[in-house]
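Structural overview
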Amino acid sequence: MTIFIGFLYVIEVLSCLLLALVILLQKPKEGGLGGAIGGGMLEASLGADAGNVLIKATAILGAIFLANTLVLARLTSTVHSRSIMAREAAPAAQTAPELPLGAPELPAAPAPAAPAPTPAPDSAPAPAPEAPASAK
């Protein structure tokens, strides 16, 4: 799938560059870049209907660019189906709901009881030896 998406990116860049070139080649009323580059060579090569050919090429390249952009947007958006914000908000939704204002508060849960003392072992440890008494 990544190879196909890479291929679509190449088509996207090529159609973008060709579309810009075709638009710049069109001859507006003021002359523009179309007259500066070819100076009439475009009309000589494509005939008197050079403007119609460029208009059709613009429409076709524009449609290719638009369709390719929509396909790329759809394919790349399904790779990561959930956003970071959606993943972070999901655990927060599982917490207890808040009480509405004015609702009586529930009593607090009683504190856990202290653990029962452990019984002494059956055999008591031997007492520590006493320090020797000092002579008086």
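Above this text is the structure in question.
The following refers to the structure shown. Treat the numbers as computed from the prediction; the structure is a model and nothing was measured. (Residues numbered from 1 in each chain as written. Predicted model: local features only at pLDDT ≥ 70, side-chain atom pairs only at ≥ 80, totals over all residues. Heavy atoms only, no water.)

A short note on the overall build of the protein chain
Helices and strands together make up the secondary structure of the protein chain, namely five helices and zero strands. For the protein chain, the proportion of its 136 residues judged to be buried stands at 11%. Residue pairs at least 24 apart in sequence account for 71% of intrachain contacts in the protein chain once pairs closer than 6 positions are excluded. In the structure as shown, the protein chain presents an accessible area of about 11,700 Å², 70% of it carried by carbon and sulfur atoms. (Helix = DSSP H or I, 4+ residues; strand = E, 2+ residues; numbered from the N terminus. Buried < 20%, exposed > 50% of the residue type's maximum accessible area, 1.4 Å probe, protein only. Contact = heavy atoms within 4.5 Å. Areas by Shrake-Rupley, 256 points an atom, 1.4 Å probe, with all protein chains shown as cover.)

So, the environment of Leu-14
Secondary-structure assignment places Leu-14 in helix α1 (residues 2-25). Classification of Leu-14 as partly exposed rests on a relative accessible area of 46%.

A few points about the side chain of Ser-15
Inspection of the secondary structure puts Ser-15 in helix α1. Not counting residues within four places of it along the chain, the set of residues in contact with Ser-15 comprises Ile-64 and Phe-65.

Observations concerning the environment of Leu-21
Relative to the elements of secondary structure, Leu-21 occurs in helix α1. Separated by 37 residues in sequence, Leu-21 and Thr-58 place their C-alpha atoms 9.4 Å apart.

With respect to α1
With 24 residues, α1 extends 35 Å between its outermost C-alpha atoms, agreeing within 8% with the 34 Å of an ideal straight helix rising 1.5 Å per residue. Among the residues making up α1, those that are buried are Ile-5, Leu-8, Glu-12, Ser-15, Leu-19 and Val-22. (Expected span 1.5 Å × (residues − 1).)

Concerning the side chain of Thr-58
By the element assignment, Thr-58 lies in helix α4 (residues 50-77). When residues no more than four places from it in sequence are discounted, the contact partners of Thr-58 are Leu-19, Val-22, Ile-23 and Gln-26.

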